[in-house]
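Chain and residue survey
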Amino acid sequence: MARLPFLGRLTSRDYAALVVGGLLVFLETILTFVIAFLPKQVIQWFYDRSRSLFHFIVGPPIPKSDEQRLADRIRRAEDFQRLCDIFGYEHEEHVVLTKDGYLLGLHRLPAKKGEHRDRFGTSTGKPVVYLHHGLLMNSEVWVCLTHPERSVAFTLVELGFDVWLGNNRGNKYSKKSIHHNPNSTKFWDYSIDDFAWHDIPDSISYILSVTKEPSLSYVGFSQGTAQAFAALSIHPPLNEKINVFIALAPAMSPAGLAASVVDSLMKASPTLLFLIFGRKSIMSSVPAWQSLLYPPVFCAAITTSLRWLFSWRSHNIAPLQKLAAFPHLYSYASVKSVVHWFQIMRNAKFQMYDDDVQRVMLIRRAPRPSGVTAYAPARFPTRNIVSPIVLLYGDQDSLVDIDVMLHELPRHSVAVRRLRGYEHLDVIWGQNVHHDVIPHVVDALREYCVKPERLASDAKMTNGLSVDYDDYTGSTTPADTISGYDS
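Below or above, wherever it landed, is the structure these notes cover. Bear in mind that the values here come from a model prediction, so they are computed numbers and not experimental data. (Residues numbered from 1 in each chain as written. Predicted model: local features only at pLDDT ≥ 70, side-chain atom pairs only at ≥ 80, totals over all residues. Heavy atoms only, no water.)

Quick look at the overall build of the chain
Of the regular secondary structure elements, the chain holds 19 helices and eleven strands. The buried share of the chain, reckoned over its 487 residues, is 55%. Of the contacts formed within the chain by residues at least 6 apart in sequence, a portion of 77% connects residues at least 24 apart. Summing over all exposed atoms, the chain offers an accessible surface of approximately 21,600 Å²; the carbon and sulfur share of this is 57%. (Helix = DSSP H or I, 4+ residues; strand = E, 2+ residues; numbered from the N terminus. Buried < 20%, exposed > 50% of the residue type's maximum accessible area, 1.4 Å probe, protein only. Contact = heavy atoms within 4.5 Å. Areas by Shrake-Rupley, 256 points an atom, 1.4 Å probe, with all protein chains shown as cover.)

Some remarks on the nonpolar core
Of all hydrophobic cores here, the largest spans 84 residues; its most connected members are Trp142, Leu248 and Trp429. If one sorts the elements of this core by residue count, helix α5 (residues 152-159) sits on top with six residues. Those residues in contact with Trp429 that sit more than four places away from it in its chain are Val141, Cys144, Leu145, Arg150, Ile317, Gln321, Ala325, Phe326 and Leu329. Formed by 49 residues, the second largest nonpolar core is a distinct cluster that contains Val96, Ile207, Ala228 and Leu409. (Core = buried A, V, L, I, M, F, W, Y, C linked by side-chain atoms within 4.5 Å.)

Brief notes about the pairing of strand β8 (residues 414-419)
In the sheet, strand β7 (residues 389-394) pairs with β8 via six bridges, with the strands oriented parallel. Bridge pairing links Ile389 to Val414 in β8. (Pairing = 2+ DSSP bridges.)

Things to note about the pattern of salt bridges
Two side chains of opposite charge can pair, provided their charged atoms sit close to one another. This model, assessed by the stated rule, comprises 14 salt bridges. Arg169 is the partner of Asp100 in a salt bridge, and the nearest nitrogen-oxygen pair spans 2.7 Å. Of this pair, Asp100 sits in the loop between β1 (92-97) and β2 (103-109) while Arg169 sits in the loop between β4 (162-165) and α6 (192-211), and the two are 69 residues apart along the sequence. The class of Asp100 is partly exposed, set by a relative accessible area of 22%. For Arg169, a relative accessible area of 1% translates into the label buried. With a shortest N-O distance of 2.6 Å, Lys172 and Glu140 are connected by a salt bridge. Note that Lys172 is positioned in the loop between β4 and α6 and Glu140 in the loop between β3 (128-132) and α5, a separation of 32 residues in sequence. One network of salt bridges, with partners in common, ties together Glu92, Arg108, Arg117 and Asp162. (Salt bridge = Lys/Arg side-chain N within 4 Å of Asp/Glu carboxyl O.)

Following this line, the structure appears as C-alpha cells:
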C-alpha cells in the first residue's frame, strides 16, 4: 500500500480510517450532547420507534415467560444493590481512599441468602475472596446472571466466603477524587500502572483491615487479571496478602484485534486514540444510546461490535443472558488506559505505560544496524510473582495467547486449565459456567484459602438448586489441564 509523502508512518488506508473514525466520533459527540438535553417524551419516541422496527423485522411480541421477566428485571436494575435485591442478598458498600487520592467503591456480600447480620463493616470470620472486573466494566458484571448458580459471586457466598467486589477508578462506582474533578482531564490521566500501584493494593489492604484475615483469594476477569499480574509483580509484600490468584480469561499481551483496519491503525500509533476520543473517558456516549434503543436492538449492536472487533460469536451466551447483562457491560474508563493496551499489543510486551511514544516511533523508523535501541519501556516483572496462579482460559478467546503468557510467568506456581469452545465473555456469562468454570474456581479456593474447613460442601442457591462442590474435580467438564504447568 502506497504511503503518503512526509507522513510516511501510516498507509493511505490507515489515514482514511482515521478520518472516517474521527468524523463518526465527532458526530457521536454531537448526538450525545443533543440527547442529554432531549425531553423524556422525545427519548421515549425514539425508543418506541426502534421497538416497532424490531418487531416489524422479527415479528410481533409474544407473552413473556418467567425467565424473560427475570431477565427484564436484571436489565432494568439500576445498580449493584438492585441486582442483589432481585436474588435476596444483603450487601455492604465501602469506600477506599487510594494513596493518590481516588475514592474507590467496594461492594461486599458477607452473608448467605436469609442470613442476617446485626453489625455491618466487621469481620465475618469467613475466608475472604476478592473479585475484580475487566476493562470498561464494574462490579455489576459478577451479579447480573439470569441464574444465581451461574454467578461466581453468589455461589461463593453460599459456600461460606466473605465476598468482596472491586471497582476501578473512574467507573460508575469510583468516579471521584479528592484532588481532581471528573470533568477535568487530570482526573482521567491514569493507566494500568495506576491500577497496579494504587487501586489493587489499596483495596486489598482495606479489605484485610476490615475482615481481620491474614490474606485473601483473588479472582480476576480479563483486565482484572492484568491488574493483578502487574500489582503482584511490583509489590512483593502483596504476594503475602493473596493466597491464590485465579485468572479468568487472563489478559497480559494480546495479539491484537480481529478488525484489521483498527488493529493496524492503533498499533502504528496508539496515541491516535487521544486525537479521536480526547483525554477523558472513552465511549462515554454508550448510556445515551442505551436509553434510545430497544433492548434487543441494543444487544444486537453489542453482539455485532464484539464480532467485528474480536471475532467473538457469543454462541455460548444465551439470548436472555445477553438481554440481561449487556446493559451492565459498559462503565467509564480513561482513554489513556486503552492507549496503554494498544502500546502493549504493539510492542508484544506486558509493559508499563510509555510516556515517550514519539521517541520510540522514531527509533523504529530508523533501526540501528546493531539492532540495539536506546530506549525500552519498563516491563512488569511478572516472573517475580510468588502467589500461586490458576489460569482458566477459553481456546476460542482471541485475546489470550497462553504460550506467550506462560513464558512470562513463574513456572513453579502456575496451573492452567483450557476451556474448550469458550470465548472471552463466556467465562463469566456462558450457559454452562456452573459446570465448566465455577467448580475449578472453587477447587482452587479450597486448596489455597485460609482455613478451608470453614466452608460448606455445597451451595444452596436462591432458586432452590443445591450444587455440591465438594471434590468436584472428578466430574466431566470441557476443561483440560496443561500438565506441564499444573502445580
